[in-house]
Amino acid sequence: MLKKTGLAITASLLTLVIAQGATAAEISAGKLKSLKAEAVAGVENRAKLAQVMNDKIFSFGELGFQEVETSAYITKVLEENGFTIQRGVSGIPTAWTATWTHGQGGPTIALGSDIDCIPKASQKPGVPWHDPIVPGAPGHGEGHNSGQAVNVVAALAVKDLMLKQNIPGTLVLWPGVAEELVASKAYMVRDGVFKGVDATIFTHVGANLQTTWGQPSGTGLVSVKYSFHGESAHSAGAPWRGRSALDAVELMNIGWNMRREHLRPEQRSHHVISDGGDQPNVVPSEATVWYYFREQTFDAIKKNWAIGDKIAKAAADMTDTKVSSAIVGTAAPRHFNRPMAEAAQKNIEQVGLPKWTDDEQAFAKAVQKNVGSTKQEGLDVKLKGLKPPEEKPESGGSDDIGDISWIMPTITINYPSNIPDLPGHHWANAISMATPIAHKGVVAGSKVVAMTTLDLLTQPKLLAESKAYFTNVQTKDQKYVPMLSPADKPQVQMNADVMARFRPEMTKYYYDPNKYGTYLEQLGIAWPVKTLTPPAGAK
């Protein structure tokens, strides 16, 4: 029940919301319980599909905007199961939607999850120390290989029940392309890809089975590239004739680092020099620095972005160069839906965490020890529960699911396919991601997603409460603030050179489920792992 505060929802308001929006085919509590049991069985019956999808996407290991094999594979599975695919949405070749409708009317529920991976994170699964599949290549060092397996299996289980019980509604699946660049979801929102969707369930890998509501810890951001344009010259013969774009980059970085002291401690900002010139004896005529400006509110993000622009212009003025900028992507500060989260939490408590074996716990503890984790307690065995949002959320990372959370009721469900207390964005986070640990976590997450989707499809009151919370609590005083202009375009060329360099070798290691039961089997890695101590010289 929502308390009698600003969260109160009257019966008349619920009736109004139901009347104005898509309606669910309401069924009794007893019938819903039975349907959920069937959905859980449907997920369990597809555990093999979940494992194959998880392992196959892991083997592709594709960076943002270059998820070619990943998207082709997922859409093929969905197309074979009756979904209609729209490819290349928002001008992004690897972005798509997959839609399936039954009956007339009913809610439209979207299921999303990210698909890209991390640079230089190639890692053999099931090996508790650094052992890359292809040295230097990208890999799933966050675990984005698993979320689409969660969603597809859940959607297929729900689809069966919609047909069997004649439940009207629409399922829409979609990928988070280039999430590590936070560079696709805001474009999809801007372009109306989610028009007509009533609610979104997003899934993301974690180390527990949980969800949240309100504003979680973390930030939103804008990702900007500043390109400086100067004049080349011989660095020794006539340096006075040159105007160094690299000098401008360095001055911008110095300026920002000086200003950083006088910004809110909650801000997070980081940069890399993505183009620093060609060689030392040529004054760099072109140089680029890439910044993330992170903050906790729309206004604070835009304020810091404006400061960055000002410092970039000053650096150009000091070096007699010119500067231009391009947005790579944006991420709104997240805000998740309370009624949806409370419904999902009930399902989480029914499903519970997977039952980990002694071997799995020993493996997890070995990984934690080998990477120097302060906690070496193995896999979580207790649910964290649903807690109210912190009065003052901590700063931290960003996710462009935030943009979607400001246009419709949205929650994120985390599922336990990874090992706790690892560095994140690191090869160590790939170690579990094609092992039975990941497979169990995917199945657990898929059960919760299927059950929560059924709640939204069959409980009009829940959908009405979710929309009322969105309208009268979340967006009462703060509306969505788009940070993209109509002229901004997805930077789809990014990472093409890296994938072109590594893909020929990576292709040799793509998982073939027709020959091997698991990816571990294909790689010749025995499970359970008996040797947990790294050899001399290994990380």
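Whatever comes next refers back to the structure up there.
The structure reproduced in this document is the subject of the present report. (Residues numbered from 1 in each chain as written. Predicted model: local features only at pLDDT ≥ 70, side-chain atom pairs only at ≥ 80, totals over all residues. Heavy atoms only, no water.)

1. Observations regarding the overall build of the chain
Looking only at helices and strands, one finds 15 helices and eleven strands in the chain. For a compact globule of 539 residues, the expected C-alpha radius of gyration is about 24 Å, and the chain comes in at 24 Å, within 12% of that figure. For the chain, the spread of C-alpha atoms along the three principal axes comes to 85 × 60 × 40 Å. Scored against the burial criterion, the 539 residues of the chain give a buried share of 58%. Sequence-distant contacts in the chain: of pairs separated by 6 or more residues, those separated by 24 or more amount to 83%. Summed over its atoms, the accessible surface of the chain is roughly 22,400 Å², and 52% of this surface lies on carbon and sulfur atoms. On the chain, the mean spot of the 54 positive side-chain charges and the mean spot of the 53 negative ones are 4 Å from each other. (Helix = DSSP H or I, 4+ residues; strand = E, 2+ residues; numbered from the N terminus. Rg over C-alpha atoms; globule rule 2.2 N^0.38 Å. Buried < 20%, exposed > 50% of the residue type's maximum accessible area, 1.4 Å probe, protein only. Contact = heavy atoms within 4.5 Å. Areas by Shrake-Rupley, 256 points an atom, 1.4 Å probe, with all protein chains shown as cover. Lys, Arg positive; Asp, Glu negative; His and termini not counted. Charge placed at Lys NZ, Arg CZ, Asp CG, Glu CD.)

2. Structural notes on the sheet that holds strand 8 (residues 268-275)
A sheet is described by the order of its strands in space; here four strands give the open sequence 8-9-7-10, paired in antiparallel fashion. Each edge of the open sheet carries a strand with a single partner, namely strand 8 and strand 10 (322-331). Taking the axes of each pair of neighbouring strands and ignoring which way they run, one obtains an average angle of 20° across the sheet. Taken together, the ten bridges between strand 7 (residues 220-229) and strand 9 (residues 286-295) define a ladder with antiparallel strand orientation. Paired with Val222 across the strands is Phe293, a residue of strand 9. Most of the contacts of helix 7 (residues 245-260) go to strand 9, to which it runs at about 20°, and overall it touches strand 7, strand 8 and strand 9. Along the sheet, helix 8 (residues 298-319) makes contact with strand 7, strand 9 and strand 10, crossing strand 7 at roughly 10°. (Pairing = 2+ DSSP bridges. Axes fitted to C-alpha atoms, helices over the stretch in contact; angles between N-to-C directions.)

3. Here we look at the environment of Asp320
With respect to the element layout, Asp320 can be found in the loop between helix 8 and strand 10. For Asp320, a relative accessible area of 53% gives the class exposed. Sequence separation between Asp320 and Ser244 is 76 residues; the distance between their C-alpha atoms is 8.5 Å.

4. Some words on unusual backbone geometry
Of note, the bond from Trp527 into Pro528 is cis; its omega dihedral lies within 30 degrees of zero at 5°. Among the secondary structure elements, Pro528 is positioned in the segment after helix 15 (519-523). Look at Asp421: it is not a glycine, yet its phi comes out positive at around 65°. Tracing the sequence through the fold places Asp421 in the loop between strand 11 (410-416) and helix 12 (436-458). Its relative accessible area of 42% is what places Asp421 among the partly exposed residues.

5. Thoughts on the packing of helix 3 (residues 47-60) against helix 12
Between helix 3 and helix 12, the shortest axis-to-axis distance is 9 Å and the interhelical angle comes to 120°. The angle between helix 3 and helix 12 places the two elements in the oblique class. Crossing of helix 3 over helix 12 shows right-handed handedness. Counting all contacts with helix 3, which are made through Ala47, Ala50, Gln51, Asn54 and Asp55, the residues of helix 12 involved are Ala438, His439, Val442 and Val443. Its residues placed into classes, the contact of helix 3 with helix 12 shows five nonpolar, three polar and one charged. (Parallel < 35°, antiparallel > 145°, perpendicular 65-115°, else oblique. Left-handed = near helix turned anticlockwise from the far one by under 90°. Nonpolar A, V, L, I, M, F, W, Y, C, P; charged D, E, K, R; others polar.)

6. Quick word on the packing of helix 2 (residues 29-45) against helix 5 (residues 147-165)
Closest axis-to-axis distance for the helix 2/helix 5 pair is 9 Å, and the angle between their directions is 135°. On the basis of their axis angle, the class for helix 2 and helix 5 is oblique. For the pair helix 2 and helix 5, the crossing hand works out as right-handed. For the pair formed by helix 2 and helix 5, the contact residues are Lys31, Leu35, Glu38, Ala39, Gly42 and Val43 on the first element and Val153, Ala157, Leu161, Lys164 and Gln165 on the second.

7. Looking at the sheet that holds strand 11
Overall, mixed pairing links the seven strands, which are arranged 1-2-4-3-5-11-6 in an open sheet. The strands lining the two open edges of the sheet, one partner per strand, are strand 1 (84-87) and strand 6 (210-211).

8. Regarding the packing of aromatic side chains
A full pass over the atoms with the stated rule returns 15 aromatic pairs. Here the aromatic rings of Trp174 and Phe194 are separated by 5.2 Å at their centres, their planes lie at 75°, and the arrangement is edge-to-face. One end of the pair, Trp174, is in strand 4 (residues 169-176); the other, Phe194, is in the loop between helix 6 (185-190) and strand 5 (199-206), with 20 residues separating them in the sequence. Taken individually, Trp174 and Phe194 each receive the classification buried, so the pair is uniform in this respect. For the pair Trp256 and Phe293, a centre-to-centre distance of 4.8 Å together with 55° between the ring planes defines the contact as tilted. Within this pair, whereas Trp256 is found in helix 7, its partner Phe293 is found in strand 9, the two being separated by 37 residues in sequence. The exposure class assigned to Trp256 is buried, which follows from its relative accessible area of 0%. A connected cluster of aromatic rings, assembled from ring pairs, spans Tyr226, Trp256, Tyr291 and Phe293. One cation-aromatic arrangement involves Lys56 over Tyr73; the distance from NZ or CZ to the ring centre is 5.8 Å. Positioned above the aromatic ring of Trp290 is the side chain of Lys225, whose terminal nitrogen or guanidinium carbon lies 5.0 Å from the ring centre. (Phe/Tyr/Trp six-rings, centres within 6.5 Å; stacked < 30°, edge-to-face > 60°. Lys NZ or Arg CZ within 6 Å of the ring centre and 35° of its normal.)

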